[in-house]
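Survey of secondary and tertiary structure
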Amino acid sequence: MTSAATATPAELLAGLAEVLDEVAGTPADKVVPEAAFDKDLDIDSLTMVEVVVACEERFGVRIPDEALEQLTTVGDAVNYIAGAAA
Amino acid sequence: MTGTRYADGPVVVTGLGAITPLGPDVAAFTGGLLEGRSGVRLLDGPEFADLPARLAATVDATGRLDRIEARTLDRVQQLALIAAREAWADAGAPEVAPERLAVVVGSGIGGALTILGQHDVLREKGPRRVSPHLVPMLMPNGPAATVGLELGARAGVHTPVSACASGAEAIAYALDLLRLGRADVVVCGGAEACVHPLPMAGFAQMRALSTRHDEPAAASRPYDKSRDGFVLGEGAGILVLESEEHARARGARVHAKLAGAGLASDAHHVTAPDPSGNGAARSIVLALRDAGVSPDELGHINAHATSTPLGDVAESRAFAQALGSARPPVTATKSCTGHLLGAAGAVEAIATVVALRDGAVPPIQNLDDMDDEADVDAVRVVPRRFEHTSALSTSFGFGGHDVSLVLTR
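Here we take up the interface of chain A and chain B. Between chain A and chain B, the residue contacts involve six residues of the former and seven residues of the latter. Looking at which element gives the most residues to the side of chain A that touches chain B, the answer is helix α2 (residues 45–59) of chain A, with four residues. Looking at the side of chain A that touches chain B, its residues break down into four nonpolar, one polar and one charged.

Next comes the structure, spelled out in structure tokens:
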């Protein structure tokens, strides 16, 4: 488990890329901050729930459903995880 | 609406696909039947150790699907998809308008492995760890939905659920759809994957399973005096059906005609077969009438024959009742494959198509000492050649479902 509290944004991004590969087979080079989960990465709503749960386990944070609505891009998710751990 | 209606005329089989305990495709399946290979093994995992019956006929689906494709599909959906891809390719990937392509895939139990596995997750890790894919993976229409999505079928996706008759009922329903003009091509069949301690414990408590643990390959022995129950199997069988006119117009190769289907129900007992074989017999008579085939024209019967003491005898009475003095040679696919439950009727229809096409009935394995009560002309030891143009496949399920299919060359 990567601790979100001590990880750099680059490490969080790399961790998220591993989660996306595991859950959805997303190529790592597509996981860039401006990529939108639905439009660019083809992550449907069910798979997004899996991504969230995997991130919670990996980074030791909690991502409530209310927050999920604001996580449009990979950058949104990295920022949220960093903020949730701070 | 696009496409032409082909409501009249014969329905033909143009594509076959199967993943069975005998191997990865139709060739391995039907070749294995002629060679008399067994797909049955003793389950040696610790989770099966306490079960009174530990035999099963499993399939190897390793590497058949992409990792990501597989992880949101229950095993029963995976097997259906693998068989559907083979069948679709075998049919030459017909060009058909999506609005004229239908899917009918039955399953006896549905996504049992997912529901049981996720129940463990719920208990051990809580509701937030339960997969968001749980519901589409456990639903009994999951295999049909998966195949429908794969092929882009928009004329309807259907799922008959009638236990061990599901696969045959799916084929019968597909025949109806074509005759009613609701589709030009129908992809149909059945799938099952429930080799898990819980369903096996349930079947074992019914005393329905063989416990011949010291001889797995000899455990499924329809019509033999010492048979002691069925062997649970898994797998999928898929057929592509279309009107003969549609097949001819696109220059498709035709394996056989699906000439008729007959459905009945016992209203006798939820699991025990009607000992008189009455419902089964009526389904056979209806199928022959639908096909316009007389008992004398039948060259072969692919019997349901599960290797249970009661079922095999009841079915043999149904043959006598429905066919009179005609005694077509009988084979029992389950002697090699075990009982694929909701997939059984589909893979056995495929075996019947291939037997008709090649003019050879595969022998029943393990039939050393014929039960005198089951009075059938059983094909034993070596395949038997036949010249007739018609064959019958029967399927029966818990719930008292009786389905018979008549295929012709």
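Additional details are given in the paragraphs that follow.
Right, let's talk about helix α7 (residues 166–179) of chain B for a bit. Residues and elements named next belong to chain B. An ideal rise of 1.5 Å per residue puts 20 Å on 14 residues; α7 measures up with 20 Å between its terminal C-alpha atoms. Extensive coverage of α7 is indicated by the burial of 12 of its 14 residues. All of the buried residues along α7 are Ser-166, Gly-167, Ala-168, Glu-169, Ala-170, Ile-171, Ala-172, Tyr-173, Ala-174, Leu-175, Leu-177 and Leu-178. Count one or two residues on from α7 and you reach Gly-181, which has phi positive near 75 degrees.

As a further point, take the sheet that holds strand β15 (residues 401–408) of chain B. Residue and element names in this part refer to chain B. Spatially, the 10 strands line up as an open sheet ordered β5-β4-β6-β8-β1-β9-β15-β14-β10-β11, and their pairing is mixed. Each of the sheet's edge strands pairs with one partner strand only, and the pair in question is β5 (157–158) and β11 (330–331). As judged from the eight bridges shared by strand β14 (residues 390–397) and β15, these two strands associate in the antiparallel manner. The residue of β15 that forms the bridge with Phe-396 is Asp-402. Most of the contacts of α7 go to strand β6 (residues 185–192), to which it runs at about 170 degrees, and overall it touches β1 (11–19), β4 (101–106), β5, β6, β8 (235–243), β9 (256–265), β14 and β15.

Among the nonpolar cores identified, the biggest contains 133 residues, and Ile171(B), Val187(B) and Leu239(B) are the most heavily contacted of them. With 10 residues, the single largest contributor to this core is helix α13 (residues 344–358) of chain B. Discounting chain neighbours no more than four positions away, the residues touching Ile171(B) are Cys188(B), Gly189(B), Leu239(B), Leu258(B), Gly345(B), Ala346(B), Ala349(B) and Leu405(B). Grouped together as the second largest cluster of nonpolar side chains are 19 residues, Leu12(A), Cys55(A), Leu71(A) and Ile81(A) included.

A few words now on helix α10 (residues 278–291) of chain B. Residues and elements named next belong to chain B. Taking 1.5 Å of rise per residue, the 14 residues of α10 would be expected to cover 20 Å, and the 20 Å separating its terminal C-alpha atoms lies within 8% of that figure. Among all positions of α10, only Asn-278, Gly-279, Ala-280, Ala-281, Arg-282, Ser-283, Ile-284, Leu-286, Ala-287, Leu-288 and Ala-291 are buried. Taken from the residues just after α10, Gly-292 is the one with a positive phi, measuring 65 degrees.

All right, on to unusual backbone geometry then. Residue and element names in this part refer to chain B. Although it is not a glycine, Ala-93 adopts a positive phi angle of roughly 45 degrees. Classification of Ala-93 by C-beta neighbours within 10 Å gives exposed; the count is 12. The phi angle at Leu-341 is positive, at roughly 45 degrees, despite the residue not being glycine.

Residue and element names in this part refer to chain B. The buried count for β4 comes to six of six residues, which makes it a mostly enclosed element. On β4, burial covers both faces: Leu-101, Val-103 and Val-105 on one face and Ala-102, Val-104 and Gly-106 on the other are all buried. Two strands pair when backbone bridges link them, and β4 and β6 are joined in this way by six bridges, in the parallel orientation. Among the inter-strand pairings, Val-103 is bridged to a residue of β6, identified as Val-187. Pairing analysis gives two bridges linking β4 to β5, with the strands arranged parallel. Bridge pairing in β5 links Val-103 to Val-157.

This part covers the packing of helix α1 (residues 9–24) of chain A against helix α4 (residues 74–85) of chain A. How two helices pack is summed up by the angle between their axes together with the distance between the axes. All names here are of chain A. The interhelical angle for the contact between α1 and α4, taken along N-to-C directions, is 120 degrees, at an axis separation of 10 Å. By the angle between their directions, the pair α1 and α4 is classed as oblique. Helix-helix and strand crossings are classified by hand; for α1 and α4 the assignment is right-handed. Contacts between α1 and α4 involve Pro-9, Leu-12, Leu-13 and Leu-16 from the former and Val-74, Ala-77, Val-78, Ile-81 and Ala-82 from the latter. Residues of the contact of α1 with α4, tallied by class, amount to nine nonpolar, no polar and no charged.

Procedures and definitions
Each chain has its residues counted from 1, following the order in which its sequence is written. Labels follow written order: the first chain is A, the first ligand is 1, and so on. Local features in this predicted model are restricted to residues of pLDDT 70 or higher, and side-chain atom pairs are both shown and tallied only at a pLDDT of 80 or more, whereas totals for entire chains, interfaces and linings draw on every residue. Distance between backbone-placed C-beta atoms decides contact: two residues are in contact if it is within 7 Å. Counting from the N terminus, the helices are DSSP H or I runs at least four residues long and the strands are E runs at least two residues long. Three categories are distinguished: nonpolar for Ala, Val, Leu, Ile, Met, Phe, Trp, Tyr, Cys and Pro, charged for Asp, Glu, Lys and Arg, and polar for the others, with Gly belonging to the last. A helix is expected to span 1.5 Å for every residue after the first. Between the buried cut of 20 or more and the exposed cut of 12 or fewer other C-beta atoms within 10 Å of a residue's own C-beta lies the partly exposed class, and all C-beta atoms are placed from the backbone. Two strands pair under a simple rule: DSSP has to find at least two bridges between them. Axes here mean lines fitted to C-alpha atoms, for a helix over just the part in contact, with angles spanning 0 to 180 degrees between N-to-C directions. Joined through C-beta atoms within 7 Å, a set of buried Ala, Val, Leu, Ile, Met, Phe, Trp, Tyr and Cys residues constitutes a nonpolar core. By definition in this entry, angles of less than 35 degrees are roughly parallel, angles greater than 145 are roughly antiparallel, angles of 65 to 115 are roughly perpendicular, and the rest are oblique. Two helices crossing with the near one rotated counterclockwise from the far one by less than a right angle form a left-handed crossing, whereas a clockwise rotation gives a right-handed crossing.

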